[in-house]
Amino acid sequence: QHMSPHHAVQQDLQHMSPHHAVHQDLQHMSPHHGVQQDLQHMSPHQMLQQDLRNIAEESQQTLAPSAPLECAESEGELFSEARENHFGDLAEESIKSDMSIVPFTDSQLHALYHNVELEKNLEFVDHWLDTQKNIDKFQLDEMLVNYLRVRTMLGTSKRKYETDRAHVETLSKELWVFSSETIEEEGECEDGNTVVVTRDSKVAEYNDNVAQSLRSRLKQCKETLTEDYSLHCFRAEVLKVKIDEFLHSVIVRQEGGVVERTLVYSSAEEVRLTISVLFKFLRKDIQDEKMVRDLKQWLDRMVAVVLSEATLYDHLFLLNHIMRCPAGVGKWGAAYIQPATPVTDLEETSFDNPFLDHLITILATVLLPVKERRNFVHEFRMRHQWVQEATDEDDCEQQDKVWTVLDGEGSEEEDPGECWAQLREIDLVALINQIPVDHMFRYVLRIEERDGTDHYNVQHSTQHSFLKLYAFSTQFVYLMREGLKTFNTPKYRQFAKRLGRLIRHTVHYVSDHWQNFKKENMTNIDPSMLLRLQVEYDNFFLRAAKCIFSSQKLGTWQYLADIPFATISPNMLWRIFYVLHLDYREEYHSDFAVDITDWSKALSSPDLQLQFEEKCSEAGDTEVYFLLSAFANMAISRGLEDKVFIERAALDLFDVGFVCESTRDICSKNCRDLLSGVCHKHPFLLTTILGVMSDRVQHIGQLCGYLLQELPWVAWRPDTEDMKQVYDWLMMPVATVESHLARIIISHMNWELGLLPTHLHTSTAIKIVQATVRHNPDTGVANSSMVTMTNLALVSITSLASAQTQFANWAWETISRLHLHMMDRGLVESRGILEGNPDIFGQLLDYDLNNEVEIIVAASVSKHPLACYTCLLLTQLGHSLPELLERGLVLLKAVQDAGRMDHVLELLMYVTPLFMSDISSIETTAFKNIIVTLLTADQSYISMAKSLISGTFPGPVTRETGNMLEKIIANYEKYGQRSPNLIINLWMKILTSLPCWNVNNSALFLMDILCSHSFFDPYIHSETLLVTKELHQKCLLESSGGLINWITGINYSGHKLLFPSSCAQFPWLAYFFLQAEDIHCRDTGLWSAIVKQLSEHKLLEDALVSAATKCETSAPLSSQLPIFRWLQQAMDTPPDHPMVPIFWQRFFQLFLSRPMPSYEGEEPRGVGMCFFVGMLDTWFYNKIKAGLKALQDFQNKKSNENEVQSSDSDSKMFSDKLSKIYKTFYMWLDEAKILDSTLYIPALSPVYEPEKLAQVLSGDRTLWMDYIDQQVPLQEHGKAILEWETLHFRVKIEEKLRKLSTLTNELTPSERILKRLQSYETRIPSLVLKKAASPIPTVPMSTLVCQEALHHFLQTPLAMLNEMSTQFSSNTSAYGSLNCSYLELAPLLWKEEDMEVFVKKACPGTKCGKEKFDCSGAAQIVLNYTEAKKQEAVKVKLETNRKDWDSSETRLLAAPAIQFVTAASVLNNVSHRILMMYEKDLGKGNVYSQNH
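Residues numbered from 1 in each chain as written. Predicted model: local features only at pLDDT ≥ 70, side-chain atom pairs only at ≥ 80, totals over all residues. Heavy atoms only, no water.

## As for the overall build of the protein
Just so we agree on the cut-off: What counts as a helix is a DSSP run of H or I of at least four residues, what counts as a strand is a run of E of at least two, and both are numbered from the N terminus. Exposure categories follow from relative accessible area, calculated using a 1.4 Å probe and restricted to protein chains: below 20% of the type maximum is buried, above 50% is exposed, and the middle band is partly exposed. Residues count as neighbours in contact if any of their non-hydrogen atoms are within 4.5 Å of one another. Note on areas: these come from Shrake-Rupley sampling with a 1.4 Å probe, and a residue is covered only by the protein chains present in the view.
Helices and strands together make up the secondary structure of the protein, namely 63 helices and 10 strands. Per-residue burial for the protein yields a buried fraction of 51% across its 1492 residues. Of the contacts made within the protein by residues no fewer than 6 positions apart, 77% connect residues no fewer than 24 positions apart. As presented, the protein carries roughly 71300 Å² of accessible surface, and 52% of it is formed by carbon and sulfur atoms.

## Observations concerning the pattern of salt bridges
The condition that has to hold: When a carboxyl oxygen of Asp or Glu is within 4 Å of a side-chain nitrogen of Lys or Arg, the pair counts as a salt bridge.
Counted by the stated rule, this structure contains 50 salt bridges. Here E623 ties to R493 by a salt bridge, and the two come within 3.4 Å at their closest N and O atoms. Of the two residues, E623 is situated in helix α26 (residues 621-637) and R493 in helix α21 (residues 493-521); the sequence distance between them amounts to 130 residues. What makes R493 partly exposed here is its relative accessible area of 21%. Overlapping salt bridges bring together R165, E169, D1446 and E1449 as one network.

## Concerning the packing of helix α45 (residues 956-970) against helix α58 (residues 1271-1287)
What counts here: Only C-alpha atoms enter the line fits that serve as axes; for helices the fit covers just the stretch in contact. Angles between N-to-C directions range over 0 to 180 degrees. For this classification, under 35 degrees means roughly parallel, over 145 means roughly antiparallel, 65 to 115 means roughly perpendicular, and everything else is oblique. Each residue gets one label: Ala, Val, Leu, Ile, Met, Phe, Trp, Tyr, Cys and Pro are nonpolar, Asp, Glu, Lys and Arg are charged, and the others, such as Gly, are polar.
The interhelical angle for the contact between α45 and α58, taken along N-to-C directions, is 105 degrees, at an axis separation of 8 Å. It follows that α45 is roughly perpendicular to α58 by the angle criterion. In this structure, α45 contributes R959, E960, N963, M964, E966, K967 and A970 to the contact, and α58 contributes H1277, K1279, A1280, I1281, E1283, W1284, E1285 and L1287. The residue inventory of the contact of α45 with α58, partitioned by class, reads six nonpolar, two polar and seven charged.

## Considerations on the packing of aromatic side chains
Two numbers describe a pair of aromatic rings. These are the distance of the centres and the angle of the planes. Convention followed: Between the rings of Phe, Tyr and Trp (Trp by its six-membered ring), a pair exists once the centres lie within 6.5 Å; its type follows the angle of the planes, with under 30 degrees stacked, over 60 edge-to-face, and the other angles tilted. Our definition puts a charge over a ring when NZ of Lys or CZ of Arg is within 6 Å of the ring centre and also within 35 degrees of the ring normal.
Taken as a whole, this structure holds 61 aromatic pairs when the rule is applied. Considering the side-chain rings of F577 and F645, the 5.0 Å spacing of their centres and the 75 degrees angle between planes classify their relative orientation as edge-to-face. Within this pair, whereas F577 is found in helix α23 (residues 570-579), its partner F645 is found in helix α27 (residues 643-659), the two being separated by 68 residues in sequence. Look at F577 and you get buried, because its relative accessible area is 0%. A cation over an aromatic ring shows up here: K284 above the ring of F281, its NZ or CZ 5.3 Å from the ring centre. Lying across the ring of Y443, R446 places its NZ or CZ 5.4 Å from the centre.

## Considering helix α11 (residues 267-282)
Condition: Expected span, for any helix, means 1.5 Å times one less than how many residues it has.
Between its first and last C-alpha, α11 extends 23 Å over 16 residues, near the 22 Å set by a 1.5 Å rise per residue. Burial runs high along α11: 14 of the 16 residues are buried.

## Thoughts on the state of the cysteines
The cut-off we apply is this: Two cysteine sulfur atoms form a disulfide, by the criterion used here, when they sit within 2.5 Å.
Tallied over the full model, the rule gives zero disulfides. In this structure C671 is a free cysteine whose sulfur lies 5.3 Å from that of C667, the closest cysteine sulfur available. No disulfide involves C1403; its sulfur sits 3.4 Å from the nearest other cysteine sulfur, which is in C1415.

## Overview of the packing of α45 against helix α46 (residues 981-992)
Our working definition: Crossing handedness: left-handed means the near helix sits turned counterclockwise from the far one by under a right angle, and right-handed means the same turn made clockwise.
Between α45 and α46, whose axes approach to 9 Å, the crossing angle comes to 150 degrees. Helix-helix and strand crossings are classified by hand; for α45 and α46 the assignment is right-handed. Contacts between α45 and α46 pair M964, L965, I968 and I969 from the former with I983, I984 and W987 from the latter. Here the residues of the contact of α45 with α46 sort into seven nonpolar, no polar and no charged.

## Considering the pairing of strand β2 (residues 194-206)
For clarity, the threshold we go by: The pairing criterion is simple: DSSP has to find at least two bridges between the two strands.
As judged from the 13 bridges shared by strand β1 (residues 176-188) and β2, these two strands associate in the antiparallel manner. Within the sheet, the bridge partner assigned to W176 lies in β2 and is Y206. Between β1 and β2, which pair antiparallel in sequence order, lie five residues; one of them, G192, sits at a positive phi of approximately 85 degrees.

## A word on the side chain of H1013
Inclusion rule: Pairs of N or O atoms within 3.5 Å make up the polar contacts considered here, provided that, within protein, one atom can donate a hydrogen while the other can accept it, and that residues adjacent in sequence are counted only when both atoms are side-chain atoms.
Inspection of the secondary structure puts H1013 in helix α47 (residues 1001-1015). Among the polar contacts listed, one links the side chain of H1013 to the side chain of E966, at a separation of 2.5 Å. Leave out the neighbours within four places in its chain, and H1013 touches E966, I969, I984 and H1277.

## Considering unusual backbone geometry
With phi around 55 degrees, D451 is a residue other than glycine that occupies positive phi space. For K863, which is not glycine, the phi dihedral falls at a positive 65 degrees. Residue class for K863 comes out partly exposed when judged on its relative accessible area of 33%.

Here it is as structure tokens:
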């Protein structure tokens, strides 16, 4: 009765401190230090651990001190032998094979690494639960209850006010009721007819009942806002400040401040109790967002205090709270998980690190079932029931339409009624991301982190540490397995995948580490110890694989395909492969296959195969794919030494995907892709697959082709025996599946030269032709190629190609792909044929005597086109020039008559080099006919197959012939030539020997290609120019026209044409022909004579006649002069052609010509403008300048495009260079001073290019090669060659290897480890405690006991409260007065006003007979009525009133200012402390001491 009201509670709490039981354990070190002594007797592995340590020490003492190196090397051996003897008393000879070494059991591994903290975690959780039972007696609990109660009343008041305010808005719109009245008046028009006028008027009526209701609602709003809401709002803020003050005092006490300490708790206990209470309220179903936000902010502050100096106990304390929070905790509570990380210490030899143990314990806390979680979040069950009941009431009439939610496997989801007690997947992901598993792996792998960089060195690990690593990794994997069991529901599918990923990472880390260790210590470590380590590694691998495999429906099977099977022993590989065939539930394969020695036989068991097929058919599509991917990964990761296993794995994929009827429908695509990947790595499997498929083709059906099309036949290197099956299938009828399969295989094989034996090419070709002759014995030769092409076009259009036609087309294509002709092989064969090497000719098949080609020869005699084509490729008829001329051309003509132009071109490419030994042979009539038919083939295409082939030039055959020329020229070295001169010369003679070649565009197109190759080589250039000169002398000088005119077929005799024609399509060809004409004109002296005559001021025609007479030659037409010919060619050539600058150069060399001086010292004037005298010539002169300007603009635009596209800077520079020279040309043409005799070149501006101008004026005719873009012809040549090689299957095949995710082994094991450590998500950083002042100023005791000082101190808070009262009173009054004003103004908004309106109204008119007369005059009618009008002035006042009312409302709804709340809190504190000082005792006041 004499104690404070809280004293009794304090007495109780002294004995009930929530952390008192473990407080002693945590005073000096980690929370489990106190239980270490107990565990020494409790742990079953402790004695074993001590024995092992003693054995190791004894082995060290027995070693000779004079041999430290031997000591170091044998230490591991002695230790491993002792350990093996201890675990199984293994004899020394039993270590020689992994079959004789018994792997450590789980308990033995646990002896190598066991986690004391984890073992005590259950005890800790029970203790933690006990501490949470009496936290409601803590002072903060009562404060938060009050705060929550006031916040609840505040929310109720606000909702009531919002409801009343919504009614006010509605009633305000109903104050006025509007209607309309119709006014009607009559009048008489001038015709005497009565007319009627009507008008509607608006009537407004004020509703007094609504106004009364509005008045009542406004009053309720005021009362609720100013009495209830404001009071609760102020009380809530005062309570919030009080809680802030309490938390501040707790923090200050924890930090060692001077605030009075409680008598019940230590500062650390007080902090933990505060956190527990805050977590308790966060577990409540609180709808007030402000309350929840405040709780989280307070908890953030308190957790920041704990984390600033957290012990391992504190981390577990926080985590246990988090794991018992409702769903959504991951969003706000993840930052509270900030466990300490173990630091790598290279001197440590064991894993006895409390921080490592702590990380595993935290992981276990997250992954294992949470004890009594349902009790902590039970309030959310009530909310879930309320929501469920409300939903049931709404849907009670539609129960037959309820959906059942299914997961990806078709089974029902977990019970929705239990969702309230579970965390969301996103919460678990957020929590698990906060656990630094990367640091855990750094520690166990001995990776140091220096300056933010990881430093890994496998030499820091010993054989002993590897055994501990296996033990630790096993426990870690087992923990992940337990997590998979805990969250074994579809809703946690993604989280389960993360756990599976951690298992995969663990296996990868250990495997890479083990691989590095073996590489570094293979010669140093004792073989028996190495074998022991391999056995333990294998069994760890097995455990990890079983952990993943035991979780079927969580998507974790995908990680089976991504673990490194390359590092385990073959025996363990078979064991894992075997276990993957069993039921995925772990209890079905706990001890399996201990007696199996022949794994292949065991896996071939029909019962096991049937069980596996049933398992695949029952499992989901995704899981089956992952399982089969694991099989594929196993096969891919092994070498040829495991050939039997690789075949077994591939056959399983084949059986599931294509043989088993219950699985192949859903697995065929995946198995096809996986088999493709395996066969890429092991091509020998293709032979195996062919073997097992040969007996099942009819059973598998069309799926055979589906599989074979995807398999990597490009990597297959078969021998003749392997191909026998394919040849047998090929001979079967074309409509059969077998024939189709054979074609698929042959088509997909890589027939590049040198990969497969040449005899395989030859035998394949022979078999294909034999099959073609058998299936399609008809010769197929049409009367003409045009008829053949027409038939082909019709077949393509109507899609009527028969199976025989398809087979024949495939045969032609495949024969073309095979390198059968000697000129289509290597350099040795090609030169050997041209040199007549008997060894090379001996490799050919004899057309007359060889039995292998007997059937093909017989078919060629009957003009079977494919047989003819093949004979030319395989026999002497296509390799010897005499044989070719005598019998081969007949076969070549048969191929051409069949319409196979592309194959004719192939044969020509092979045989035309033979003509280099006897060029006169090109005059053979049969050969010429073949070439002529080839050059006119496009006309046949255009006329007979117009719907298929476009008529644009060049046509397909001409273009392909040009590509063939490009290919032959590029192969000149293959023919033993140092340059392509002979090839170019040969083809020029072939083309120019044809009749009417000059009017055949196809021939000119080919000549243009030859000239483009001739231009850049000086020797070939001169040779080609010599040919054109000979043609000029022979053909062109006989007519008045030039060579170009002869080609174009235009006759100039007797005509003066101002615009002579040019060869715009063939600029390279045009250059050589024009150059020949130019040289002829100069050699005859005609040009210098014309220049001389023009300098004497004669007209062009007169000068031309005089010059011809003087030179004793016939006078050409003026349009045929070289200056006009070069000019016309320059203007007609496309602007992007490389030869354009050269044509302009040649023009200006003639345009700037000057006559020879008549006497020494004379400076004659240029005669260029004399060629452009007269009206038409002036117009043409301006056109020339416009053309140069257009060229300049074209190059500027091209330069800008290159700049915008960030193309090669060289292209931009070249375009700028061309633009500059075109500008110079323009100035040479435009500036009269250039032709002036007084021109002083050194004084010219650089824009005139003085050096180039001097060269021209000096008569230097050297070509300006630096203005020719040589890359353009090179690119065109390369493009043509690529087109040829693509069409004729000579492009190198790039194998599209299907690399599985596990095959990314470009990195070393060390690099993979370091890269993997950087793959984890960034953790949320720890909370930072911000220093803050006390929310409520502290009143010194000296002030409290002094009346004067207290009076002075209280003046400020009292003044603040007075100010708050004044503001509140003002706002309340304003709110009420505005409502009154509104009610007074509202009835005045509408007013009835008298209206007078004059209206004219005419009658419809009168009708007299059929004639109608309009009204003579409208009636004047006056309408008098009243109408409601809105009073704008009142409207403005009402709007202003409501705006002011809204402002007043906002002020009243706002929370009170912090200074007012602080003032009230100060007064409250002062009053409370004074009351505590002067408690009543028998009616007398006893003053407590200052220390009270």
